[in-house]
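Single-letter residue listing:
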Amino acid sequence: MSNAPVIRSDVPGSFSWGVFHERHPKLVRQVLDALPYGPAERAAVERLLEESTGGVLEPLQEEAADVAQWREWGAGRWGRPWGEAPFLWAESYFYRRLLEAIGYFRPGAWRGIDPFAPFKDAELAGSAVDDELAALSRLDGLPETRRAAALLSSALWGNRADLSFGITADATGTAAADLVADDSATLWSELERAHGGQVCVVADNAGRELLPDLVLIDHLLAGGLAAQVVLYVKPQPYYVSDATTADVLAALDRLRTAPAPAAGAIGGRLWRAMNDGALVVRTHAFFCAPLPFHAMPADLRAELAAATMTILKGDLNYRRLVGDRLWPPTTPFGDTVRHFPSPVAALRTLKSEVVVGLTPATVTRLDDTATPWRTDGRHALIQVAARP
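The numbers attached to residues start from 1 for each chain and follow its sequence in the written order. Totals for whole chains, interfaces and linings use every residue, but because this is a predicted model, local features are given only for residues with pLDDT of at least 70 and side-chain atom pairs only at 80 or more, for both listing and counting. Side-chain measures were taken over the full set of non-hydrogen atoms in the model, leaving aside hydrogen atoms and water.

### Re the side chain of Asp247
Okay, so step 1: A run of DSSP states H or I qualifies as a helix once it reaches four residues; a run of E qualifies as a strand once it reaches two. Both are numbered from the N-terminal end. Along the chain, Asp247 falls in helix H12 (residues 245-256).
Okay, so step 2: The class of Asp247 is buried, set by a relative accessible area of 10%.
Okay, so step 3: We define a polar contact as two N or O atoms separated by no more than 3.5 Å, with the added condition that, inside protein, one atom must be a possible hydrogen donor and the other a possible acceptor, whereas residues neighbouring each other in sequence contribute only through side-chain atom pairs. A polar contact is formed between the side chain of Asp247 and the side chain of Lys120, at a distance of 2.8 Å.
Okay, so step 4: Contacts were defined at the residue level, with two residues in contact if any of their heavy atoms lie within 4.5 Å. Residue contacts for Asp247: discarding those within four places in its chain leaves Lys120, Ala206, Leu210 and Asp242. Type-normalised accessible area, obtained with a 1.4 Å probe on protein chains alone, sets the label of each residue: buried when under 20%, exposed when over 50%, and partly exposed for intermediate values.

Next comes the structure, spelled out in structure tokens:
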């Protein structure tokens with residue numbers, strides 16, 4: 001299979017260029033406003049912003065614990081403009097350098113302090129979450145197929161469409177219309193076929209998006225579609241809102257303490273599932289690597305190979321799964337994920353340029369809208385590559 005061009009961020013006006021020159025400057029302002037960092041940390045963050053928008057790639061300092069690994073990953077890139085590196089690589093390195101700038105890894109007062117925690121905490125504490133969790137009580141009256149579809153839709157759309165939306169939307173309503181690919185029937189049939197196996201879920205965002213992920217996990221366990229669920233999270237803060245173990249615990253606590261009885265019951269079941277090993281939270285350093293999943297190390301590959309299905313959430317995981325390349329959008333999804341060690345499902349809202357597995361008619365329809373449909377977050381997909 002021939003490879004499509006790797007996406008870079010050196011084309012002014014492109015989506016990836018906008019991430020570095022528009023999104024990151026706003027992010028830096030928010031990070032520096034959210035916590036009272038001192039002059040040294042603030043100056044280091046400003047230097048990073050200047051370097052990443054107009055300078056060249058500089059390696060980590062010698063005292064960084066993972067300096068050897070990053071110098072290996074960056075071999076041949078140091079001293080060259082940021083925009084010449086693959087977009088996935090450069091974006092990952094930006095977040096690693098941001099943590100270095102604010103002292104996340106260094107001995108001192110800021111060691112281990114998540115710079116994105118204020119954003120995550122505010123979202124999870126918002127009153128909108130109470131309304132979403134209250135909507136769970138309406139699940140009990142739904143037919144099983146409708147209930148499953150509602151939970152999958154909520155996990156798919158994350159915080160663009162809350163649990164209440166997923167539960168009340170018609171199957172032919174907005175959510176269905178915005179799906180550019182829908183293998184949900186295959187997903188459910190594969191889970192039924194492998195009834196009672198291990199399902200791996202690779203999380204995306206914390207906060208409001210993680211809540212419906214946990215509710216979906218509860219559905220898989222309670223319904224016997226999985227004997228065990230392994231939930232993979234990031235080992236450190238990453239990409240603003242990516243979930244860590246601390247975020248899983250915060251979301252689980254939000255469920256357990258919610259005034260809505262249905263939410264509390266789900267939280268209680270998940271808590272007990274962690275106690276008895278039916279729900280396991282794991283992480284791996286590779287989840288913060290600047291590489292696609294086809295380069296995953298042998299130990300992680302062996303873990304995922306044991307799964308009857310791996311469900312990948314979100315845009316970044318999709319980019320890493322199929323490769324952050326300018327594929328023709330009609331490229332078959334299965335062709336791009338043959339490297340993955342287990343059957344795999346992608347639940348993703350489109351927020352970047354990468355997409356595969358679309359029909360020619362769908363591509364024509366979307367292109368005719370003259371909107372940035374690949375990046376505006378208004379479209380989503382469910383794609384599955386099952387075992388033969």
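Next comes the rest of the account.
### Remarks on the packing of helix H4 (residues 87-101) against helix H15 (residues 315-322)
Okay, so step 1: To get an axis, a line is fitted to the C-alpha atoms, and for a helix only the part in contact is used. The angle between two axes follows their N-to-C directions and goes from 0 to 180 degrees. For the pair H4 and H15, the least separation of the axes is 11 Å and the interaxial angle reads 135 degrees. Put simply, H4 runs oblique to H15. Helix-helix and strand crossings are classified by hand; for H4 and H15 the assignment is left-handed. Within the contact between the two elements, H4 uses Phe87, Leu88 and Glu91 and H15 uses Leu316, Arg319 and Arg320.
Okay, so step 2: Throughout, the ten residues Ala, Val, Leu, Ile, Met, Phe, Trp, Tyr, Cys and Pro are labelled nonpolar, Asp, Glu, Lys and Arg are labelled charged, and all others, Gly among them, are labelled polar. Tallied by class, the residues present in the contact of H4 with H15 amount to three nonpolar, no polar and three charged. To sort the angles, those under 35 degrees are grouped as roughly parallel, those over 145 as roughly antiparallel, those from 65 to 115 as roughly perpendicular, and the leftovers as oblique. Should the near helix be turned counterclockwise from the far one by less than a right angle, the crossing is left-handed, whereas a clockwise turn marks it as right-handed.

### Considerations on the layout of surface pockets
Okay, so step 1: Roughly 820 Å³ of volume is contained in the largest pocket.
Okay, so step 2: Buriedness for pockets is judged along seven lines, at least five of which must meet protein on both sides within 12 Å for an open set on the 1 Å grid over protein atoms alone, while cavities are sets there where a 1.4 Å probe fits but cannot get out, and lining residues have an atom within 4 Å of a point. Lining the largest pocket are 36 residues, and of these Arg23, Asn205, Tyr239, Ser241 and Lys351 sit closest to its centre.
Okay, so step 3: Elements with a contribution of two residues or more to the lining of the largest pocket: helix H1 (15-34), H4, helix H5 (117-125), helix H7 (144-157), H15 and strand S6 (344-349).
Okay, so step 4: Among the elements that take part in the lining of the largest pocket, H1 stands out by supplying six residues, more than any other.
Okay, so step 5: Of the residues belonging to the lining of the largest pocket, the class tally is 13 nonpolar, 11 polar and 12 charged. Grid points are joined across faces, edges and corners, and a volume is the space filled by probe spheres set on the points.

### Quick word on the packing of aromatic side chains
Okay, so step 1: What counts as a ring pair is set by centres within 6.5 Å for rings of Phe, Tyr and Trp (its six-membered ring), and what kind of pair is set by the plane angle: stacked under 30 degrees, edge-to-face over 60, tilted for all other angles. Within this structure, the stated rule accounts for 22 aromatic pairs.
Okay, so step 2: With a centroid separation of 6.4 Å and an interplanar angle of 65 degrees, the aromatic rings of Phe20 and Phe87 are classed as edge-to-face. Remark: Phe87 occurs in helix H4 and Phe20 occurs in helix H1; sequence separation between them is 67 residues.
Okay, so step 3: When the ring of Tyr95 is compared with that of Tyr239, the centres are 4.7 Å apart and the planes differ by 25 degrees; the resulting orientation is stacked. Remark: Tyr239 occurs in the loop between strand S3 (228-233) and H12 and Tyr95 occurs in helix H4; sequence separation between them is 144 residues.
Okay, so step 4: Judged by its relative accessible area of 11%, Tyr239 falls in the buried class.
Okay, so step 5: Think of it as a cone above the ring: NZ of Lys or CZ of Arg counts as a charge over the ring if it is within 6 Å of the ring centre and within 35 degrees of the ring normal. The ring of Trp89 carries the charged tip of Arg77 above its face, separated from the ring centre by 5.5 Å.
Okay, so step 6: Residue placement shows Arg320 over the ring face of Phe286; its charged tip is 4.7 Å from the ring centre.

### Looking at the pattern of salt bridges
Okay, so step 1: Only one rule defines a salt bridge in this text: a Lys or Arg side-chain nitrogen within 4 Å of an Asp or Glu carboxyl oxygen. Enumeration over the complete set of coordinates arrives at 21 salt bridges.
Okay, so step 2: For Arg96, the salt bridge goes to Glu100, with nearest N and O atoms at 2.8 Å. Of this pair, Arg96 and Glu100 both sit in helix H4, four residues apart, which is roughly one turn of the helix. Glu100 carries the same exposure label as Arg96, and that label is buried.
Okay, so step 3: Of the charged contacts in the structure, one is a salt bridge between Arg282 and Glu303, with a shortest N-O distance of 3.6 Å. Taken together, the residues Arg282 in strand S4 (residues 279-283) and Glu303 in helix H14 (residues 298-305) connect sequence positions 21 residues apart.

### Some points on the environment of Gly357
Okay, so step 1: Among the secondary structure elements, Gly357 is positioned in the loop between S6 and helix H17 (360-368).
Okay, so step 2: Overall, Gly357 belongs to the partly exposed group, its relative accessible area being 29%.
Okay, so step 3: Through-space distance from the C-alpha of Gly357 to that of His339 is 16 Å; in sequence the pair is 18 residues apart.
Okay, so step 4: Leave out the neighbours within four places in its chain, and Gly357 touches Ala181, Pro329, Thr330, Thr331, Phe333 and Gln383.

### Focus on unusual backbone geometry
Okay, so step 1: Of note in the backbone geometry, Tyr239 takes a positive phi value of approximately 45 degrees without being a glycine.
Okay, so step 2: Backbone geometry at Ala370 places phi at a positive 55 degrees, although glycine is not the residue there.
Okay, so step 3: By secondary structure assignment, the location of Ala370 is in the loop between H17 and strand S7 (380-385).
Okay, so step 4: Judged by relative accessible area, Ala370 falls into the exposed class, the value being 71%.

### A look at the sheet that holds S4
The strands that make up a sheet are held in pairs by hydrogen bonds between backbone atoms, and each pair lies either parallel or antiparallel.
Okay, so step 1: The rule for pairing is simple: two strands pair if DSSP sees at least two bridges between them. Taken in spatial order, the seven strands line up as S1-S7-S6-S5-S2-S3-S4 in an open sheet, and their pairing is mixed. A single partner strand is all that each edge strand has here, and the edge strands are strand S1 (179-182) and S4. In this sheet, adjacent strand axes meet at a mean angle of 15 degrees when their direction is disregarded.
Okay, so step 2: Where S6 lies against S7, six bridges are found, and the strand directions are antiparallel. The partner of Val344 across the bridge, within S7, is Ala385.
Okay, so step 3: Contacts from helix H11 (residues 210-222) reach strand S2 (198-202), S3, S4 and strand S5 (309-313), with the element oriented near 160 degrees to S3.
Okay, so step 4: Helix-sheet contacts for H15 involve S2, S5, S6 and S7, and the interaxial angle to S6 is about 135 degrees.

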